[in-house]
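Analysis of the macromolecular model
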Amino acid sequence: KLQFLYLIGRSVQGEDSMASYRLVAAAAVTAAAAADCNVASRVDCGYVGIDQQQCEAKGCCWRPLTPNPGNEPWCYYSSQQHCTVNLDGRGVGFTDAFYKEMMARYAGQLDVQGSGAVVAAPDQATPGGSYYYHWMRDGALSMWTYMTLHNNTYSAVEAKMSSYTRWVQRAQQEYDPNVDVLVEPKFNIPDGSPFTGGWCRPQTDGPGLRANTLVAWAGILLQNGREADVRGGVYPLVQKDLAWVVANWASDGCDLWEEVHSTDFFWNRMGFVYSLRQAAALARGLGDAKSASTYAATADAIHATLRAHWSGSYLFESTNRRIDGAVIHAVASFGGSDPDFGVLSSKVASTLDVYTETFCGIYELNAADTAKGVPGVLVGRYPGDRYAGGNPWQLLTAALAQVYYKAAQAIRAAEAGRGAFALAADEHVEWKRHLSLAADVSSKAFAAAAVNAGDAVMTRLWTHVQNDGGRIDEQIDRASGAQVSAKSLTWSYANILAALHLRQSL
């Protein structure tokens, strides 16, 4: 009913629109008043600055909390605003031909003009302005994925990775009038000079992400007898970026979406921990015991702070941006086998419960797809997002699918060591609940259910990207289902291709 009222409110036209809107809002308030607002955990239904009238007009609960040490939202979904998520998929929809087209477009946006730059998107007229820049974050993640998609094969990635390494060498030496160039968010293409206009600065996740990509490249070089290239070229770049992380990991910076500031983002700290631990292993292999010790100790110190991101029901990004798709992305990219934040952890399973239901409920497109029998769920940045309409994001939906596939991968890895097994009643309880599995489910059935969940998400994503000739954009319109915002987003290609590559291994 609440979704129906919302759609009517959006479609009101003409001179009676305000009167009609007031009727819609009044009906929503009545619905909220009748709803059960006594929930076990509050799922944010608002946005920064929302008031009671605006909250209740959305059909949500308004209950101020004073004091509020956990920064729980005052505007939140009621227990009646439940959205059913169907995670029983069969196949991903994406064809081999479509995969190849995406790969060609993706590769064409790496090493732009032979500069080593990764263009965020060739679109220069997006709702947020031109995307024809190299973002440190997007570039690092895209090049990391590029190596993975080619199975870390030296001959396949050498040209673009060598060019990217030269780009980093230049970028680290650039003069930046705004901030330390190591935390500058974006750079001009092709000359590599920092963008000097107004922007959300500093973006502190960048050095760790870039170092991580270079550590992965160093590993490939070492495996192919190129130790001199590592010692003389790649490793000093890693050391420079991580020296900043070691000294400044708790400093203030902008979030993943370049909108809010905090000293403590889950995404940033997960990335720091992962990159530092990977770099520690590289340093040990190169005989640099001092750096290895520093990196490992810093990673442990940061990891200890991540436990504060558990609300009791879900993992949150920051105190000023709690439910955020960046958390899903962090788990997919950096979670690994971590007992607290890895793909098989109980906290991650509980987080998926909250996040999938939340995003299912806030996008009317999810309800429409479910009614049509399309499995899965589309997810976005955060409740209350307004950028370009506040829509689901392709790259985050693909990251969600990766979490499911990696959960299946982890179970199958356990089978490789001990054979097929039945899970104990108290083993992975939250995951079994999330996937609607029996307490004594077999490892084989658990892995299959996780694969099906990933397939369901990818099927829903495929439904909305299949008609644009292999082009993948930034967002999917929350009502129409059409791709919108920045056209041909490199990060979107990277995450979708990574999900499909992972699926092929299962």
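Presented here is a report on the structure given in the accompanying data block. These numbers were taken from a predicted model, which means no experiment stands behind them.

Here we take up unusual backbone geometry. Between Ile189 and the following residue, Pro190, the backbone shows a cis peptide bond with an omega angle of 10°. With respect to the helices, strands and loops of the structure, Pro190 is situated in the loop between β6 (186-187) and α7 (206-223). Cis geometry is adopted by the peptide bond preceding Pro202, which originates at Arg201 and carries an omega value of -10°. As for its position among the elements, Pro202 is in the loop between β6 and α7.

This brings us to the state of the cysteines. What the rule picks out here adds up to 3 disulfides. The disulfide partner of Cys37 is Cys61, and the gap between their sulfur atoms is 2.0 Å. A torsion of -85° about the S-S bond marks the disulfide between Cys37 and Cys61 as left-handed. Here Cys61 lies in strand β1 (residues 61-62) and Cys37 lies in the loop between α2 (17-34) and α3 (52-57), a separation of 24 residues in the sequence. There is no split in this pair, since Cys37 and Cys61 are both buried. At a sulfur-sulfur separation of 2.1 Å, the disulfide partner of Cys55 is Cys75. Taking the sign of the torsion about the S-S bond as the criterion, the disulfide between Cys55 and Cys75, at about 95°, is right-handed. Placement of the pair is Cys55 in helix α3 and Cys75 in strand β2 (residues 75-76), with a sequence separation of 20 residues. Taking the relative accessible area as the measure of exposure, Cys55 reaches 0% and is therefore buried.

So, on to the side chain of Arg460. Structurally, Arg460 is set in helix α16 (residues 443-465). Looking at Arg460, its side chain comes within polar contact range of the main-chain oxygen of Pro375, at 3.2 Å. When sequence neighbours within four positions are dropped, the list of residues in contact with Arg460 reads Asn366, Asp369, Thr370, Val374, Pro375, Gly376, Val377 and Leu378.

With that settled, the discussion passes to the packing of helix α11 (residues 325-335) against helix α12 (residues 346-362). Packing of α11 against α12 brings their axes to within 11 Å, and their N-to-C directions diverge by 140°. Comparing the axis directions of α11 and α12 gives the class oblique. Of the two possible hands of crossing, α11 and α12 adopt the one that is left-handed. Where α11 approaches α12, its residues Gly325, Val327, Ile328 and Val331 are matched on the opposing element by Val348, Thr351, Tyr355 and Phe359. Looking at side-chain class alone, the contact of α11 with α12 contains 6 nonpolar, 2 polar and no charged residues.

Core analysis: the largest hydrophobic core is formed by 152 residues, its most contacted members being Phe94, Trp431 and Met458. Considering every element that reaches this core, the biggest residue donor is helix α14 (residues 394-418), with 12 residues. The contact partners of Met458, leaving out residues within four places of it in the chain, are Val92, Phe94, Ala398, Ala401, Tyr405, Ile496, Ala499 and Leu500.

Looking now at α16. The α-helix winds at 3.6 residues per turn, so residues separated by three or four positions along the chain end up facing the same way. For α16, which comprises 23 residues, the first-to-last C-alpha distance of 33 Å matches the rise-based estimate of 33 Å (1.5 Å per residue) to within 8%. Across the 23 residues that make up α16, a large majority, 19, are buried.

So, about the packing of helix α8 (residues 227-248) against helix α10 (residues 289-306). Closest axis-to-axis distance for the α8/α10 pair is 11 Å, and the angle between their directions is 40°. Considering their axes alone, α8 and α10 lie oblique with respect to each other. Once α8 is placed against α10, the crossing between them reads as left-handed. Across from Tyr235, Gln239, Leu242 and Val246 in α8, the residues of α10 making contact are Ser291, Thr294, Tyr295 and Thr298.

Before going further, it helps to spend a moment on the side chain of Gln402. Following the sequence through the fold, Gln402 ends up in helix α14. Beyond its immediate sequence surroundings of up to four residues, Gln402 is in contact with Ala332, Asn495, Ala498, Ala499 and Leu502.

With that settled, consider helix α9 (residues 266-285). Between its first and last C-alpha atoms α9 spans 29 Å; for 20 residues at 1.5 Å apiece the expected length is 28 Å, and the two agree. Burial analysis of α9 places 14 of its 20 residues in the buried class, which makes it a mostly covered element. Once α9 finishes, Gly287 follows within two positions and takes phi at roughly 80°, a positive value.

As a further point, take the environment of Gln109. Structurally, Gln109 is set in the loop between α4 (96-108) and β3 (110-112). On the basis of relative accessible area, Gln109 is assigned to the buried category, the value being 7%. When the C-alpha positions of Gln109 and Pro122 are compared, they lie 7.9 Å apart, and in sequence the two are 13 residues distant. For Gln109, the residues in contact, after removing those within four places along its chain, are Ala117, Val118, Val119, Ala120, Ala121, Pro122, Ser488, Leu489, Thr490 and Tyr493.

A word on the pattern of salt bridges. For the coordinates displayed, the defined rule picks out 23 salt bridges. Arg201 serves as the salt-bridge partner of Glu184, at 2.9 Å between the closest nitrogen and oxygen. Here Glu184, found in the loop between α6 (154-171) and β6, pairs with Arg201, found in the loop between β6 and α7; they are 17 residues apart in sequence, far enough to count as distant. Note on accessibility: Glu184 and Arg201 belong to one class, buried. Close ionic contact of Asp353 with Arg433 constitutes a salt bridge, the shortest N to O distance being 2.7 Å. Taken together, the positions of Asp353 in helix α12 and Arg433 in helix α15 (residues 429-434) put the pair 80 residues apart, joining distant regions of the chain. On the accessibility criterion, Arg433 (46% relative accessible area) is partly exposed.

Analysis parameters
- As a convention, each chain's residues are numbered from 1 in the sequence order in which they are written.
- Given that this is a predicted model, residues contribute local features only at a pLDDT of at least 70 and side-chain atom pairs are listed and counted only at 80 or more, while totals for whole chains, interfaces and linings are drawn from all residues.
- Calculated side-chain values reflect all of the structure's heavy atoms, with hydrogen atoms and water omitted.
- Helix numbers and strand numbers start at the N terminus; a helix is a DSSP run of H or I with at least 4 residues, a strand a run of E with at least 2.
- What counts as a disulfide here is a pair of cysteine sulfur atoms lying within 2.5 Å.
- Partly exposed residues are those whose accessible area sits between 20% and 50% of the maximum for their type, while under 20% is buried and over 50% is exposed, using a 1.4 Å probe and protein chains only.
- We call two N or O atoms a polar contact when they sit within 3.5 Å, provided that within protein one can donate a hydrogen and the other can accept it, with sequence-adjacent residues counted only if both atoms are side-chain atoms.
- What makes two residues a contact is simply this: any of their non-hydrogen atoms within 4.5 Å.
- Here an angle of 0 to 180 degrees is reported between the N-to-C directions of two axes, which are lines fitted to C-alpha atoms, with helices fitted over the stretch in contact.
- To sort the angles, those under 35 degrees are grouped as roughly parallel, those over 145 as roughly antiparallel, those from 65 to 115 as roughly perpendicular, and the leftovers as oblique.
- Each crossing is labelled by how the near helix is turned from the far one, with a counterclockwise turn of less than a right angle marking it left-handed and a clockwise turn marking it right-handed.
- Classes in brief: Ala, Val, Leu, Ile, Met, Phe, Trp, Tyr, Cys and Pro nonpolar; Asp, Glu, Lys and Arg charged; the others, Gly included, polar.
- Residues grouped as a nonpolar core are buried Ala, Val, Leu, Ile, Met, Phe, Trp, Tyr and Cys residues, joined through side-chain atoms within 4.5 Å.
- How far a helix is expected to stretch is found by multiplying one less than its residue total by 1.5 Å.
- Salt bridges are identified by distance alone: a Lys or Arg side-chain nitrogen within 4 Å of an Asp or Glu carboxyl oxygen.

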